[in-house]
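Chains, contacts and geometry: an overview
Spelled out, the chains give:
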Amino acid sequence: MKQHAEQIVWSLVLVLLLAFVLVQLLGLVLLWPLLPEDWAFLAGLLVFWLLANRLLFGYGQFIQTAERFLADVAIDVEGIRAKVHHPAEWLESLALGSLLTAWLHDLDKYRYTFYTAYLIVALFTMLTKFNLLGYNLVGNYLEGAFWGASVVGFLVLALDLTAHTYPADILAHAREVLTSTEQEIAVEPV
Amino acid sequence: MSKKRVWIVLFIALLGLFIGFGAGGYLTANRVITAMEQIPASPIVLNAVYEKEQNQLALSVFNPGPVPLRLQSYSITFTPGSESDEAAYIVSEIPIQLDLPPFDAVTVFVNLKEQTAALAVGDLVTVSIFYTHPHSPDVYSVIHPYTQGASEQAGPTPTPTQ
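So, here is what we can say about the structure in this document. What you are looking at is a predicted structure, and each value in this text was computed from that prediction instead of being measured.

Topic: the overall build of chain A
Counting its secondary structure elements, chain A contains eight helices and zero strands. The helix and strand sequence of chain A, counted from the amino end, reads α-α-α-α-α-α-α-α. Here the C-alpha atoms of chain A give a radius of gyration of 23 Å, more than 25% beyond the 16 Å that 2.2 N^0.38 yields for 190 residues. Across its three principal directions, the C-alpha atoms of chain A cover 85 × 45 × 25 Å. A buried classification covers 31% of the 190 residues belonging to chain A.

If you want it as structure tokens, here you go:
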């Protein structure tokens, strides 16, 4: 009963948020023609979303899977093995908790690519803001792209930080399971 | 739920506020700037100097707004003071056709009527400058009263308090 109520509240909040964003976007498009700065913002948002797409969904799926692992719910192990770029034999030798951690670390290359690209854009935005590149017309548009990228970077950072809290929990849980299995094994022969 | 995750949620919420503030501020500021750039301002006469040799007034006219203006013509109304021997006269619609760029000043030389004596102390010359701006076909005017011998910095006469 409590779980149902929670789900209803969550769905309501999500629907309200989406409706709010939709109304805002419609207002943006209908009430005022988009300025060049708005286009720069949208371009930055879209380009960095493309760069971050694998990270956003990867971290999201990892967090979901880790929660299932911690709750001892069945996990699609083959699906995870297909996602991680490592030799299949090595992956098959891993315990489930190690496989999850390997999956998390496999996303690091996308993470570093994203943060490097974001830092380059941030650096050039700051250089134009402090007028260190001389007078140029690009500065204001670059700032728009920077803010668009910041919105995506915010989501990536949030999921990144959250996902990286799970390995410790996974390790603790695996150790717990292992200890209880050992006890069972110790008890069985008697 | 680990304690670390609670701190991450708080940190991310704070960061979200900053990024929303930055992005929203950027988009809003550009809209406001675009809107403000459409508003024409009325020119201001910063200073008026009478040049006796040429018998003319040099008005420095400033455009305090972001829309370029075009000064089309001027008219003068001469009202003699008590020390003057001249008769009152009106000269109207002298074309000048001067462009007044945004946030810039130009000097307008206003010629007084030919073959008249130099201005005496107390003479009043009221200069009307007619200008247009690109958003409207209308003609607007700004009127500057110049009194010979009076301090230019004084501004309009204050109304006496009762």
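Some details on the pairing of strand 5 (residues 105–111) of chain B
Residue and element names in this part refer to chain B. Side chains V106, V108 and V110 of strand 5 all project onto a buried face; the interleaved residues A105, T107, F109 and N111 project onto a face where none is buried. Bridge count for strand 2 (residues 56–62) against strand 5 is seven bridges, and the pairing is antiparallel. Each residue of the ladder has a partner; that of Q56, found in strand 5, is N111.

What about the packing of aromatic side chains?
This structure, assessed with the given rule, holds nine aromatic pairs over all chains. With centroids separated by 5.7 Å and ring planes inclined at 85°, the aromatic side chains of F48 of chain A and F114 of chain A adopt a geometry described as edge-to-face. Of this pair, F48 of chain A sits in helix 2 (residues 36–70) while F114 of chain A is found in helix 6 (residues 108–129), placing the two residues 66 residues apart along the sequence. Residue class for F48 of chain A comes out buried when judged on its relative accessible area of 8%. Taking relative accessible area as the criterion, F114 of chain A reaches 0% and is therefore assigned buried. Ring geometry for F78 of chain B versus Y89 of chain B: centroids 4.9 Å apart, planes at 15°, classification stacked. Of this pair, F78 of chain B sits in strand 3 (residues 69–79) while Y89 of chain B is found in strand 4 (residues 89–100), placing the two residues 11 residues apart along the sequence. The burial state of F78 of chain B is the same as that of Y89 of chain B; both residues are buried. Taken together, the ring pairs in this structure connect F48, F114, Y115, Y118, F146 and W147 of chain A into an aromatic cluster. The ring of Y166 of chain A is capped by R5 of chain B, whose NZ or CZ atom sits 4.0 Å from the centre of that ring.

The rules behind these values
- Residues numbered from 1 in each chain as written.
- Chains lettered and ligands numbered in written order.
- Predicted model: local features only at pLDDT ≥ 70, side-chain atom pairs only at ≥ 80, totals over all residues.
- Heavy atoms only, no water.
- Helix = DSSP H or I, 4+ residues; strand = E, 2+ residues; numbered from the N terminus.
- Rg over C-alpha atoms; globule rule 2.2 N^0.38 Å.
- Buried < 20%, exposed > 50% of the residue type's maximum accessible area, 1.4 Å probe, protein only.
- Pairing = 2+ DSSP bridges.
- Phe/Tyr/Trp six-rings, centres within 6.5 Å; stacked < 30°, edge-to-face > 60°.
- Lys NZ or Arg CZ within 6 Å of the ring centre and 35° of its normal.

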